[in-house]
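As a plain string of letters, each chain reads:
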Amino acid sequence: MHRRYVCGVVFLLALAAAVAQVSVDTGDPFYMTAQAWEIQGLTSPLPQLRPYPVRVIERIINEVIAAGTDEEGNVIPRYASEVEKARDEYERIFSRPFHVSVSAGGTARIASDLTNDDTTLRKQVQGEVAAEGDVVLPFTPLVTAGYHLGIWGTTTEYANVAQRYVNQPQDSVFDAASIGPMDGYLNVNCNVAFGTERYYATGGIHRTGYGPFLNDGLALNDTAYHAANLTLNVSRPRWDFVTLYETIGASNNLGEDLTDSKFLSFHAIRLNITPKFSLSYYENLTMGPHSSVLYMLPAPYMAIQNLGGAGANLQMGLLFEYKPVQTLKLAADVFVDDFDVEAIAKLNFDSKLRLAGQLGAVYAPIGSPLSYMSFNYQIVLPYVYAHWDYEQSADGVINGKTWNYQNYTNNGICMGASIPPDSDKVSFFARFAPRKRLTIDVSANFVRHQNVAESYSDDDKVGYMLAEPGRYRTDGSAFTHQNFTGGEHVDAAWNHLSFMSGGHTMLVCQFALAGEYTFPHVAKGRLAVRLGYAFEYIHNDGVQNDIYRGNRDAYYNDDGQLNVNREKILADAQAAYDEWVRQLTDRVNHFITLSLKYTY
């Protein structure tokens, strides 16, 4: 299709971002509803990975209806509201195998820089037209598919109107075709599954989520960028196993540009020890530019990795889930990147300790206007998700332009927590359904973040200052290096914990309120209207910026000899730090969003 034609369609129809179909969209409201049903005891344990194939979605709905009715088919009064939800979801998802959706909307962001007394207004109009559906293929009931084929348009980049640490909902960000103020993109996700609701394989391209905290996982975040993937799933009453193999995008060591040949492998086994308690062990591994099908085997990645020299980046985790009473689930997730075993054995916690953790609860009452509530605390220690990568042609050399196949990012976006290393966060979310087809969402986040580069020793500062410009990042993100060229370790990364050890903390306080109402019978389709407001306060915005930038040419003569003393380099480092402090600001942002979506 010609680019101008594509963008002309987007512009003339004034389309907006649409929600994809259930079996390819981890953000569909079905997944929150399904999790509530599981906590309420109306379904058997849900699969570990989201999204679910069509057969699994159908099984979950049928289990709720069966649990909420007696042997004669009469609805049990206590579960009447849940049975009604299940029947409504079945109609929404399976009434037609083919849907056409058109939506329109926009966001206005009023940004105030309190430090410099400046206020700006930024606006975004966006839109999409799409074909989507969840289908059972006619030649065999074992084969099902889900698809979302859309053309999405926007007047500005998402980052210009986004809250801090919120990932873009659309998956298309490249190869825009423009007309007037609009940029148009293809926005496509799809999936084919083979098997039953308990044993199945899937292949497609979509986002993937893992863990009990929706849109907020440590290992696989539902909101991270999509990827081409293959999965195998086995579900048994007392245990289940899943394995995932993805092709993802590699950015360079500065978090810029994009190339292919980066891969993610993930697997998890869950033991349902009692009806109330389960324990899961998972591993994930990033590698490139070469891959290995061995990582699809149901064997420990640590053992497989040693067969080829341990050249990939491996993490592992434990997930504990406990339901003390019906309607409540408690969960704890420990994500292990790396740590100094000897130091920890000696109870020395001021050492290399790269862990992330999450602790919280999910509450889903039955027959209440409050349909779902989640609360959790999340911590990501310095250098978690980060990993350096060397030049392929010259081992021991790190260059900012080198493709990074090792860190835990896809397309430069972390596949785990949305907050960066050296951060923690308290999150709250509640969904109310006071009337049928009306939902009200209330959310709040409180985030603390420091830049680990602020805690560098004098030796580390000198190492960064002597580097060429553009070789290293010192922004505290997943692209902040732990090694210098030649293999020398960064002291703050290898010998100290360094968590919240700097002098400046960025605080992010967010509150959001949104309401959505669906009109069910509009021109033989559904019309959903959503209105939202969000408030955001950021103290010390700018902590996430680079502190030290290499200036090698200023310190070496033409013969490659150092021509300044250490005191001069440290003085320049102090000047760079002082400039970083001066650029810190306090900000207040207001976001107003309105969207309409029609689905036929």
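Here the structure is a predicted model, which is why all the values come from computation and not from measurement.

Asks: Mind showing me how you'd approach unusual backbone geometry here?
Replies: With the exception of glycine, the majority of residues adopt a negative phi angle, and the majority of peptide bonds are in the trans configuration. In this model, Arg-50 is joined to Pro-51 through a cis peptide bond whose omega is 5°. Among the structural elements, Pro-51 can be located in the loop between β1 (49-50) and α3 (54-67). Of note, the amide linkage connecting Gly-288 to Pro-289 takes the cis form, showing an omega dihedral of 0°. With respect to the secondary-structure elements, Pro-289 resides in the loop between β12 (277-287) and α5 (301-306). Unusually for a residue other than glycine, Tyr-385 sits at a positive phi of about 75°. With respect to the helices and strands, Tyr-385 occurs in the loop between β16 (370-380) and β17 (409-410). The backbone of Lys-524 shows a phi angle near 65°, a positive value even though the residue is not glycine.

Asks: Hey, could you run me through the nonpolar core in this one?
Replies: Within soluble globular proteins, side chains that are nonpolar generally end up buried alongside one another. Counting 61 residues, the largest nonpolar core has Tyr-210, Phe-266 and Tyr-385 as its most contacted members. Elements that contribute at least two residues to this core include exactly β10 (239-250), β11 (259-271), β15 (353-363), α7 (458-465), α8 (491-494), β21 (506-522) and α9 (566-582). Here this core gets four residues from one element, more than from any other, and that element is α9. Those residues in contact with Phe-266 that lie beyond four places of it in its chain are Leu-49, Tyr-210, Ala-219, Leu-220, Val-242, Thr-243, Leu-244, Tyr-282, Glu-283, Asn-284 and Tyr-301. Judged by nonpolar contacts, the second largest core, of 21 residues, contains Tyr-31, Ala-34, Val-54 and Ile-57.

Asks: What exactly am I supposed to notice about the pattern of salt bridges here?
Replies: Between side chains of opposite charge, a pair can form as their charged atoms come close. According to the stated counting rule, one finds 30 salt bridges in the structure shown. A salt bridge links Lys-425 to Asp-216, with the nearest nitrogen and oxygen atoms 2.9 Å apart. In this pair, Lys-425 is assigned in strand β19 (residues 423-435) and Asp-216 in the loop between β8 (209-210) and β9 (227-235), connecting sequence segments 209 residues apart. Per residue, the accessibility class of Lys-425 equals that of Asp-216, and both read buried. Within this structure, Asp-113, Arg-164, Asp-541 and Arg-587 form a network of salt bridges that share partners.

What counts and how
- Residues numbered from 1 in each chain as written.
- Predicted model: local features only at pLDDT ≥ 70, side-chain atom pairs only at ≥ 80, totals over all residues.
- Heavy atoms only, no water.
- Helix = DSSP H or I, 4+ residues; strand = E, 2+ residues; numbered from the N terminus.
- Core = buried A, V, L, I, M, F, W, Y, C linked by side-chain atoms within 4.5 Å.
- Buried < 20%, exposed > 50% of the residue type's maximum accessible area, 1.4 Å probe, protein only.
- Contact = heavy atoms within 4.5 Å.
- Salt bridge = Lys/Arg side-chain N within 4 Å of Asp/Glu carboxyl O.

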